[in-house]
Amino acid sequence: MLLSLHSSWRRVLSSELDKPYFQTLVSFVTEEYATKICYPNEKQIFAAFDYCTFENIKVVIIGQDPYHGFGQANGLCFSVNDGVTFPPSLTNIFKEIEQDLNIPFPISGNLERWAAQGVLLLNATLTVRESEAGSHQKKGWETFTDAVIQKISDEKENIVFLLWGGFAQKKGAKIDKRKHHILATGHPSPLSANRGFWFGNKHFSKTNLFLKSKNKAAIEW
């Protein structure tokens, strides 16, 4: 499992990978994948890090769990594999982009195209058992992803953090606001969006305006 963690991340997270909790986590995940159906595919567990190297980060989006339905999760938060019907939260993300930037609704819900431009699509928990939401929570992943966020906050500057919903906002509480640009709003899930806490946030245009102000290339959402 560890062999798939990109070398740029292995360098900055080396001390974390040696900690007892992470070794216990590896044992748990290895056993789960050997005995249960789990998502994403084992080779995609660290896909967020593969597509967005530590050097290239410009934006961080924090999710919670991978999708737990067949064929959906691909290791990037909110993203689904090509050909998969868009889950409701992803549909609402694309609707907001359409309204904000006048970009046509995409054919594919695969967000690898964002990650390749420097968007880290980080779930708090990187694995899940089929049809059992939250089944791999509190096994060590949250500690690991907290360390990832802390490393980015400490070692980078002028990163845009998009914190959607209370969970992501709590997860990002330790981000250094003096060094980074934080945009917070409601979660794109229908429950939140239909109550007026998502649409109209303009996070995508705001992100690009900030990046341009720091002489960074805008994201092609």
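Residues numbered from 1 in each chain as written. Predicted model: local features only at pLDDT ≥ 70, side-chain atom pairs only at ≥ 80, totals over all residues. Heavy atoms only, no water.

1. Side note on the overall build of the chain
Argument step 1. Across its full length, the chain carries nine helices and six strands.
Argument step 2. At 17 Å, the chain has a C-alpha radius of gyration in line with the 17 Å of a compact globule built from 221 residues.
Argument step 3. By principal-axis analysis of the C-alpha atoms, the chain measures approximately 45 × 35 × 25 Å.
Argument step 4. For the chain, the proportion of its 221 residues judged to be buried stands at 52%.
Argument step 5. Relative to all contacts within the chain whose residues are 6 or more apart in sequence, the contacts with residues 24 or more apart total 65%.
Argument step 6. Roughly 10300 Å² of accessible area belongs to the chain as shown, and the carbon and sulfur atoms make up 52% of that amount. (Helix = DSSP H or I, 4+ residues; strand = E, 2+ residues; numbered from the N terminus. Rg over C-alpha atoms; globule rule 2.2 N^0.38 Å. Buried < 20%, exposed > 50% of the residue type's maximum accessible area, 1.4 Å probe, protein only. Contact = heavy atoms within 4.5 Å. Areas by Shrake-Rupley, 256 points an atom, 1.4 Å probe, with all protein chains shown as cover.)

2. Some words on the layout of surface pockets
Argument step 1. The volume enclosed by the largest pocket comes to roughly 310 Å³.
Argument step 2. Along the walls of the largest pocket sit 25 residues, with Asp65, Pro66, Tyr67, Phe78 and Asn123 positioned nearest its centre.
Argument step 3. Tallied by class, residues from the lining of the largest pocket come to 13 nonpolar, 11 polar and one charged. (1 Å grid on protein atoms, 1.4 Å probe; cavity = no way out; pocket = protein on both sides within 12 Å on 5 of 7 lines; lining within 4 Å. Points joined across faces, edges and corners; volume = space filled by probe spheres on them. Nonpolar A, V, L, I, M, F, W, Y, C, P; charged D, E, K, R; others polar.)

3. So, the side chain of Thr125
Argument step 1. When you line up the elements, Thr125 lands in the loop between β3 (119-123) and β4 (128-129).
Argument step 2. Owing to a relative accessible area of 2%, Thr125 belongs among the buried residues under this scheme.
Argument step 3. Apart from the residues within four sequence positions on either side, Thr125 is in contact with Gln64, Asp65, Pro66, His136, Gln137, Trp141 and Glu142.

4. Side note on the side chain of Glu32
Argument step 1. As for its placement among the helices and strands, Glu32 is situated in helix α2 (residues 20-35).
Argument step 2. Among the residues examined, Glu32 registers a relative accessible area of 5% and is labelled buried.
Argument step 3. Engagement of the side chain of Glu32 in a polar contact is seen with the side chain of Arg129, the distance being 2.7 Å.
Argument step 4. Not counting the four nearest positions on each side in its chain, Glu32 is found in contact with Cys38, Arg129 and His136. (Polar contact = N/O pair within 3.5 Å; in protein donor to acceptor, adjacent residues only side chain to side chain.)

5. Thoughts on the nonpolar core
Argument step 1. In terms of nonpolar packing, the biggest core is built from 66 residues, with Trp9, Phe49, Ile61, Trp114, Leu120, Phe144 and Ile152 touching the most fellow members.
Argument step 2. Residues contacting Ile61, with those up to four places away along its chain left out, are Cys77, Phe78, Trp114, Val119, Leu120, Leu121, Leu122, Leu162 and Trp164. (Core = buried A, V, L, I, M, F, W, Y, C linked by side-chain atoms within 4.5 Å.)

6. Section: the environment of Gly63
Argument step 1. Locating Gly63 in the fold gives a position in strand β2 (residues 59-63).
Argument step 2. Gly63 gets classed as buried once you look at its relative accessible area, which sits at 6%.
Argument step 3. Separated by 63 residues in the primary sequence, Gly63 and Leu126 have C-alpha atoms spaced 9.7 Å apart.
Argument step 4. When sequence neighbours within four positions are dropped, the list of residues in contact with Gly63 reads Cys77, Phe78, Leu122, Asn123, Ala124 and Phe167.

7. Remarks on the pattern of salt bridges
Argument step 1. All told, the structure shown has eight salt bridges when counted by the stated rule.
Argument step 2. Residue Glu16 pairs with Lys19 through a salt bridge whose shortest N-O separation is 3.1 Å.
Argument step 3. Looking at Glu16, the relative accessible area reads 8%, which means it is buried.
Argument step 4. As a salt-bridge pair, Glu132 and Arg129 come within 3.1 Å of each other at their nearest N and O atoms.
Argument step 5. Judged by its relative accessible area of 36%, Glu132 is partly exposed.
Argument step 6. Here the salt bridges share partners, and the residues they tie into one network are Glu32, Lys36, Arg129 and Glu132. (Salt bridge = Lys/Arg side-chain N within 4 Å of Asp/Glu carboxyl O.)

8. Here we look at helix α1 (residues 7-17)
Argument step 1. Taken together, the buried positions of α1 are Ser8, Trp9, Val12, Leu13, Glu16 and Leu17. An end-on view of α1 places all buried positions within 155 degrees of arc, on one side of the element.
Argument step 2. Those residues of α1 that are buried lie in contact with α2, α3 (47-51), β3 and α6 (141-155). (Arc of directions from axis to C-beta.)

9. Details of unusual backbone geometry
Argument step 1. Residue Pro40 is bonded to the preceding Tyr39 through a cis peptide linkage, with omega at 0 degrees.
Argument step 2. Inspection of the secondary structure puts Pro40 in the loop between β1 (38-39) and α3.
Argument step 3. Unlike most non-glycine residues, Asn102 shows phi in positive territory, near 60 degrees.
Argument step 4. Along the chain, Asn102 turns up in the loop between α4 (88-101) and α5 (112-115).
Argument step 5. Look at Lys202: it is not a glycine, yet its phi comes out positive at around 55 degrees.
Argument step 6. Following the sequence through the fold, Lys202 ends up in the loop between α8 (190-193) and α9 (203-213).

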